[in-house]
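Now for the letters of each chain:
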Amino acid sequence: MDPERAKRFINEKYRYAVVGASTHQEKYGYRVLVDFFNAGHKVVGVNPNSKVTKIVSVPVYHRLQDVPGGVDVAIVVVSPDEGGAVLDDANFAHVAKLWFQPGAESQDIRDKALKLGMDIVADGSCIMTVRDQLNKKA
């Protein structure tokens, strides 16, 4: 991925929401959340089905619009079938930057995001890997 494009999504000043946050350590909803938390990023979890309010001391909300103060970037780790609803939620919450993790992207999602005027990454790139690569170049 082009480093300049990546920097539009990865910045220590940004606040992130991991949509699909999970308490299951083997799932990417957990891995990405913990990775960004451990790297010192401001991060929250979002999961409409979650019964927990925190994962590793990170607050968890039901929807993007429930996050106090909003977020700059949503990292999406849900199935493509759920992605359209995530785009609607992000649009309602005024989140214009979304990173769809590998397996969460689809052509329908790319098309809908374009129609909504959103800036997305949905090319199979893993945000954790790209963040690591940017840190190594810094």
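Engineer: Explain the packing of helix α3 (residues 80–92) against helix α4 (residues 107–116) to me, please; I cannot follow it from the model alone.
Structural biologist: Axes are the key here: two packed helices are described by the angle between their axes and the distance separating the axes. For the pair α3 and α4, interaxial distance at closest approach is 10 Å and the crossing angle is 10°. Looking at the two axes, α3 sits roughly parallel to α4. For the pair α3 and α4, the crossing hand works out as right-handed. In contact with Pro 80, Gly 83, Gly 84, Leu 87, Asp 88 and Asn 91 of α3, α4 contributes Ile 109, Lys 112, Ala 113 and Leu 116. When the residues that make up the contact of α3 with α4 are grouped by side-chain class, the tally is five nonpolar, three polar and two charged.

Engineer: What should I look at first to understand the environment of Cys 126 in this one?
Structural biologist: Structurally, the position occupied by Cys 126 is in the loop between β7 (119–121) and α5 (127–137). Distance from Cys 126 to Phe 100, taken between C-alpha atoms, is 8.3 Å for residues 26 residues apart in sequence. Setting aside residues up to four positions removed in sequence, Cys 126 forms contacts with Trp 99, Gln 101 and Pro 102.

Engineer: I'm lost on the pairing of strand β4 (residues 58–61) in this one. Help?
Structural biologist: A regular strand places its side chains on the two faces of the sheet in alternate fashion. The side-chain alternation of β4 yields one buried face, formed by Val 58 and Val 60, and one unburied face, formed by Pro 59 and Tyr 61. Both strand β2 (residues 42–46) and β4 contribute to a ladder of two bridges, which runs parallel. Bridge assignment links Val 46 to a residue of β4, and that residue is Tyr 61. Alignment of strand β3 (residues 54–55) against β4, held across two bridges, turns out to be antiparallel. Across the sheet, Lys 54 pairs through a bridge with Pro 59, a residue of β4. Following β3, the chain reverses through two residues before pairing antiparallel with β4; Val 56 in that reversal takes a positive phi of roughly 45°.

Engineer: Is there a simple way to explain the nonpolar core in this structure?
Structural biologist: Here is a general trend for soluble globular proteins: nonpolar side chains tend to be buried in one another's company. Of all hydrophobic cores here, the largest spans 26 residues; its most connected members are Ile 10, Tyr 16, Val 32 and Ile 127. Only β1 (15–19), α2 (28–38), β4, β5 (73–76) and α5 provide two or more residues apiece to this core. For this core, the element with the most residues is α2, which contributes five residues. For Val 32, the contacting residues outside a window of four places in its chain are Val 18, Ile 75, Val 77, Gln 101, Ile 127 and Met 128. If you look at the next biggest cluster of nonpolar residues, it comprises 22 residues, including Leu 64, Leu 87, Val 95 and Ala 122.

Engineer: Hey, could you run me through the side chain of Gln 101 in this one?
Structural biologist: Checked against the element boundaries, Gln 101 lands in the loop between β6 (97–100) and α4. Leaving out residues up to four positions away in the same chain, Gln 101 has contacts with Val 32, Ile 75, Val 76, Val 77, Ser 125, Cys 126 and Ile 127.

Engineer: What am I meant to see in the pattern of salt bridges here?
Structural biologist: Charged atoms that come close allow side chains of opposite charge to pair. Within this structure, the stated rule accounts for seven salt bridges. Residue Glu 4 pairs with Lys 7 through a salt bridge whose shortest N-O separation is 3.4 Å. Of this pair, Glu 4 and Lys 7 both sit in helix α1 (residues 3–7), three residues apart, which is roughly one turn of that helix. In this structure Lys 7 comes out as partly exposed when scored by relative accessible area, which is 42%. Between Arg 131 and Asp 35 there is a salt bridge whose closest N-O contact spans 2.6 Å. Taken together, the positions of Arg 131 in helix α5 and Asp 35 in helix α2 put the pair 96 residues apart, joining distant regions of the chain. Here Arg 131 and Asp 35 have matching classes, each one buried.

Rules behind the numbers
Residue positions are given per chain, counted from 1 along the sequence in the order it is written. Predicted model: local features are reported for residues with pLDDT of at least 70 only, side-chain atom pairs are reported and counted for 80 or more only, and whole-chain, interface and lining totals are derived from all residues. To get the side-chain values, take all heavy atoms of the structure and skip hydrogens and water. Axis lines are fitted to C-alpha atoms, over the contacting stretch for helices. Their N-to-C directions set the angle, which ranges from 0 to 180 degrees. By the criteria applied, helices consist of DSSP H or I runs no shorter than four residues and strands consist of E runs no shorter than two, each listed in order from the N terminus. What sets the label is the angle itself: under 35 degrees gives roughly parallel, over 145 gives roughly antiparallel, 65 to 115 gives roughly perpendicular, and the rest give oblique. Two helices that cross are described as forming a left-handed crossing if the nearer one is turned anticlockwise from the farther one by less than a right angle, and a right-handed crossing if clockwise. Contacts: residue pairs with any heavy atoms within 4.5 Å of one another. Any residue outside Ala, Val, Leu, Ile, Met, Phe, Trp, Tyr, Cys, Pro, Asp, Glu, Lys and Arg is labelled polar, Gly included; the first ten of those are nonpolar and the last four are charged. The buried label applies to any residue whose accessible area, calculated with a 1.4 Å probe on protein chains only, is under 20% of its type's maximum; exposed applies above 50%, and partly exposed to all values in between. In this description, strands pair whenever DSSP reports at least two bridges between them. By convention a nonpolar core is built from buried Ala, Val, Leu, Ile, Met, Phe, Trp, Tyr and Cys residues, the set being connected through side-chain atoms within 4.5 Å. Salt bridges are defined as contacts in which a side-chain nitrogen from Lys or Arg sits within 4 Å of a carboxyl oxygen from Asp or Glu.

In short, geometric facts, not functional conclusions.
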